[in-house]
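So you can see what is in the structure, the chains are spelled out below.
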Amino acid sequence: MKTAVRGIVGAPVDRIEGREKVTGQARYAFEHLPDDVAYAWAVLSPVARGEIRAIDASAALADPEVVAVISVENSPTLVRVDDGELALFQDRTIHYRGQIVAAAVANSLEAAREGAARVRIDADAQPHDVELTPGHPKLYAPEVVNAGFPPDSVIGDVDAALARSETVVDVTYRTPAEHNNPMEPHATLAIWEPDGSLTLHDSNQGAVVARDTIAQLLGLDPARVRVLSPHVGGGFGSKARPRPSAVLAALAAQITGRPVKLAVTRQQMFAFTGYRTPTLQRLRLGADADGRLTAISQEVSEQTSTVREFVEQTATPARVMYAAHNRRTTHRVAALDVPTPSIMRAPGEAPGMYALESAIDELASATGLDPIALRARNEPQLDPERGVPFSSRNLLACLREGAARFGWDRREPAPGTRRDGRWLLGTGVAASTYPVYRYPAQATARLRPDGGLVVSIAAADIGTGARTVLTQLAADALDVQIGRVTVELGDSALPRAFMAGASMGTASWGSAVVRACEALRARIAEHGDAPLEADLEAHADTTEEIARLENLSRHAFGAQFAEVRVDPDTGEIRVPRMLGVFAAGRIINAKTARSQMVGGMTMGLSMALMEESVMDREFGDYLNHDLAQYHVAANADVRDIEAIFLDEEDPHLNPIGSKGIGELGIVGTAAAIGNAVYHATGVRIRELPLRLDRVLAVLPRAVR
Ligand code: MOS
């Protein structure tokens, strides 16, 4: 038996629910259809800042199909929670254009939509401030940035070191607002049960977080709320915490006494479900004559809303990447009349490493060093700011393996020298990094009398393959074939676990699953060979295990290589080839892990060339709010993308030895592409996305 299952961890196992998904049998939140269901449609504020004077629902309510109109004028009082976005209909203040200010509930989706269009919002519009500009007067230093990091870090004297440096790069990079666009927009079906408890079929990245938050808002014991989300069509961070739409569904069901379904439209996803903040980033790098960094400074400006402070951890990777005695990172934020930014795949690392890794490439040019040699020269022995060892760090191995596979040694160092007909050709490289996080989790493992093994945990599979990976880990720990194991997840009633976020799902949930399975094996051994009368069960909780972790710096690393072709007449950039080499600890499923990296790199390509939410100053809102105008990379944009993992053993992480892979793949991609565009053209664009007009604006006439 042992031989039969050996190797199941790491194997390219197909997604367990794959057939259910491709045959349409997997039920997503909006696909449930209870009797007597009603539909809710949100009414969004027409101005970016102001006060609601009155809400006229009469025209909507004149339609007999419309059951209710909910607004500040009739909403129940909610308990305050830390996320002001969720305080629906609690006061008359409008904080941003697109804020939910009312909703129509009707017998059909169409009637709800029509009813919502007939609700008249009389608002006293006030001047708004929606644009993050350099030196914006509202910029301030927050107390903490996302994931609990301090906003600033200062070591040594950056200014003095820069003044003494042989080479200085002082550049400002700019990244735009970007909106999360998972395939399945947010959706909720809310059902109040006759006993006063609440069931939500909801699309989210964590059923427990959703349950606890909704229960708190409604003043309910969490035990009386159940959130079910067995299948979720992606999130990229936008579903990490419940959005106002889930609250609205619950309120609408409460007010009407009927089950209520609410589907957020693609356009509404650009209004109230979060987005990546725009950033302005000033990078200053100083180096000595040998290309050794003497100073690293990254100063970031970004935006938040007036509803809730969210500050992305943009400069935190600069605290980890390179050695230098003098260092400074700062985050400043302005609270504008905009929706609250939130997390989007690698919040912090994705825009922060774009700027840092582009600036490193600029330093390579300025010092005349190869970009890989420059990185190798500045590889730190210890975590450069914390002074503690890395649990493992294989950045250089990734760069070297990638260089060999990509053919980096054939690269002509000088930019702007290769052409293929009209096309200018170039290649670029950048590093990736993402922290290793782990959160406490509980899991239960059960052996049934019929021999089946059931593992239960309130984990989330948002399309990543989490269910498959947990099944592999359980089968391995129990020493059985994967077909004998069923993993239950996506239900807040299961043993407590945190969300699919911060690339920590596998490490957090997998560790609890392994511990529960180990405990069950011990119980099975104690029980012996006698037939089972009832389930044998074992439970695990990893809280204490995590508390005992050593003080080490834990990060995954990678190297990304890109080849680009730039059309000097149109400014078009094509990316015929990308390669990512990653060191992320033990890989549990070769197939789903590769998909994560290829997906992340595709999203990085999208970030480099296309994604941009454009603020309309006059209306005070993002102008492009559908996939016709907000472009994401699609199949035709993606040519040859390959992602490989190095073997990396790290015993200092968790029982399964894995680092996170959900976000690592997007980090560094945009820099690798931008660096390749520089190599192709000889000119540097310091603003994403690398639009045609931006390329044409800087390309010298001689090239064109
Ligand atoms: Mo990820 S942006 O932490 O869901």
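As the structure is a computational prediction, the values presented were derived from the model and not from experiment.

The rules behind each value
Along each chain, residue indices are assigned from 1 in the same order as the chain's sequence is written. Predicted model: local features are reported for residues with pLDDT of at least 70 only, side-chain atom pairs are reported and counted for 80 or more only, and whole-chain, interface and lining totals are derived from all residues. Calculation of side-chain values draws on the structure's entire complement of heavy atoms; hydrogens and water are dropped beforehand. Residue exposure (1.4 Å probe, protein chains only): buried if accessible area is under 20% of the type maximum, exposed if over 50%, otherwise partly exposed. Each helix is a run of DSSP H or I of at least 4 residues and each strand a run of E of at least 2, with the numbering of both proceeding from the N terminus. The rule for pairing is simple: two strands pair if DSSP sees at least two bridges between them. The span you would expect from a helix comes to 1.5 Å times its residue count less one. Contacts: residue pairs with any heavy atoms within 4.5 Å of one another. Put simply, buried Ala, Val, Leu, Ile, Met, Phe, Trp, Tyr and Cys residues joined by side-chain atoms within 4.5 Å make one nonpolar core. Axis definition: a line fitted to C-alpha atoms, over the contacting stretch in the case of helices. Angles run 0 to 180 degrees between N-to-C directions. Think of a salt bridge as a Lys or Arg side-chain nitrogen and an Asp or Glu carboxyl oxygen that are within 4 Å of each other. The sense of a crossing depends on the near helix, which, turned anticlockwise from the far helix by less than a right angle, makes the crossing left-handed and, turned clockwise, makes it right-handed.

Caption draft 1: Region of the structure containing the pairing of strand β5 (residues 100-106). Across the 7 residues of β5, 7 count as buried, placing the element largely inside the fold. Bridge analysis of strand β3 (residues 66-71) against β5 gives 5 bridges, and the strand direction is antiparallel. When the bridges of β5 are listed, V69 appears paired with A104.

Caption draft 2: Layout of helix α16 (residues 669-681). Across its 13 residues, α16 extends 18 Å between first and last C-alpha, which sits within 8% of the 18 Å expected from 1.5 Å per residue. Along α16, 13 of the 13 residues are buried, which leaves the element largely enclosed by surrounding structure. Phi for G682, located one or two positions after α16, is positive at around 80°.

Caption draft 3: Representation of the environment of M183 in the model. On the secondary structure map, M183 appears in the loop between β8 (167-175) and β9 (187-192). Considering only alpha carbons, one finds M183 and V232, 49 residues apart in sequence, at a separation of 9.3 Å. Ignoring any residue separated from it by four or fewer positions in sequence, one finds M183 in contact with G233 and R266.

Caption draft 4: Focus on unusual backbone geometry. A cis amide bond links L688 with the next residue in sequence, P689, at an omega value of -10°. Assignment of secondary structure puts P689 in the loop between α16 and α17 (692-698). Backbone geometry places D479, a non-glycine residue, at a positive phi of 60°. Summarising the element assignment, D479 is placed in the loop between α12 (466-478) and β20 (485-488). The phi angle at S503 is positive, at roughly 55°, despite the residue not being glycine.

Caption draft 5: Spotlight on the nonpolar core. Counting 99 residues, the largest nonpolar core has F561, V564, I573, L609 and I673 as its most contacted members. Excluding residues within four positions of it along the chain, F561 makes contact with I372, C398, L399, G402, A403, F406, W408, G428, V429, R577, M578 and L579. Formed by 45 residues, the second largest nonpolar core is a distinct cluster that contains V480, L520, A540 and I588.

Caption draft 6: Molecular detail of the sheet that holds strand β23 (residues 573-583). On the basis of which strands lie adjacent, the open sheet formed by 5 strands has the order β16-β17-β22-β23-β26 and mixed pairing. The sheet terminates laterally at β16 (418-420) and β26 (640-645), the two strands that pair on one side only. For this sheet the average axis-to-axis angle between neighbouring strands, irrespective of direction, equals 25°. Those strands touched by helix α15 (residues 590-609) are β22 (555-566), β23 and β26, and its axis lies near 135° from that of β26. Along the sheet, α16 contacts β17 (423-435), β22 and β23; its crossing angle with β17, the most-contacted strand, is approximately 155°.

Caption draft 7: Main features of the sheet that holds strand β4 (residues 93-94). Strand order in the open sheet formed by 3 strands is β4-β2-β6, and the pairing between neighbours is antiparallel. One side of each edge strand has no neighbouring strand; the edge strands of this open sheet are β4 and β6 (120-125). Pairing analysis gives 6 bridges linking strand β2 (residues 50-56) to β6, with the strands arranged antiparallel. Directly across from G50, in β6, lies its bridge partner A125.

Caption draft 8: Examining the pattern of salt bridges more closely. Overall, the coordinates contain 45 salt bridges when judged by the stated rule. Note that R438 is salt-bridged to E545, the shortest N-O span being 2.8 Å. You can see R438 sitting in the loop between β17 and β18 (442-447) and its partner E545 sitting in helix α14 (residues 543-547), a full 107 residues away along the chain. What makes E545 buried here is its relative accessible area of 16%. One salt bridge connects E687 with R694, and the closest N-O pair in it is separated by 3.2 Å. Accessibility expressed as a relative area gives 27% for E687, which makes it partly exposed. Among the ionic contacts, a cluster of salt bridges with common partners joins R174, E612, E687, R691, D693 and R694.

Caption draft 9: The arrangement of the pairing of β22 in detail. In terms of residue burial, β22 counts as a mostly covered element, since 11 of its 12 residues are buried. One ladder, built from 12 bridges, connects β17 with β22; its direction is antiparallel. Across the sheet, the residue bridging to A431 is A559, located in β22. Examined bridge by bridge, β22 and β23 share 9 bridges and lie antiparallel to one another. The residue bridging F561 from the neighbouring strand is L579, located in β23. Between β22 and β23, which pair antiparallel in sequence order, lie 6 residues; one of them, G571, sits at a positive phi of approximately 80°.

Caption draft 10: Structural detail: the packing of helix α9 (residues 349-367) against α16. Relative orientation of the contacting elements α9 and α16 amounts to 35°, with a least axis distance of 8 Å. As α9 runs across α16, the sense of the crossing is right-handed. Contacts between α9 and α16 involve M353, Y354, E357, S358, D361 and S365 on the former and, on the latter, A670, A671, N675 and Y678.

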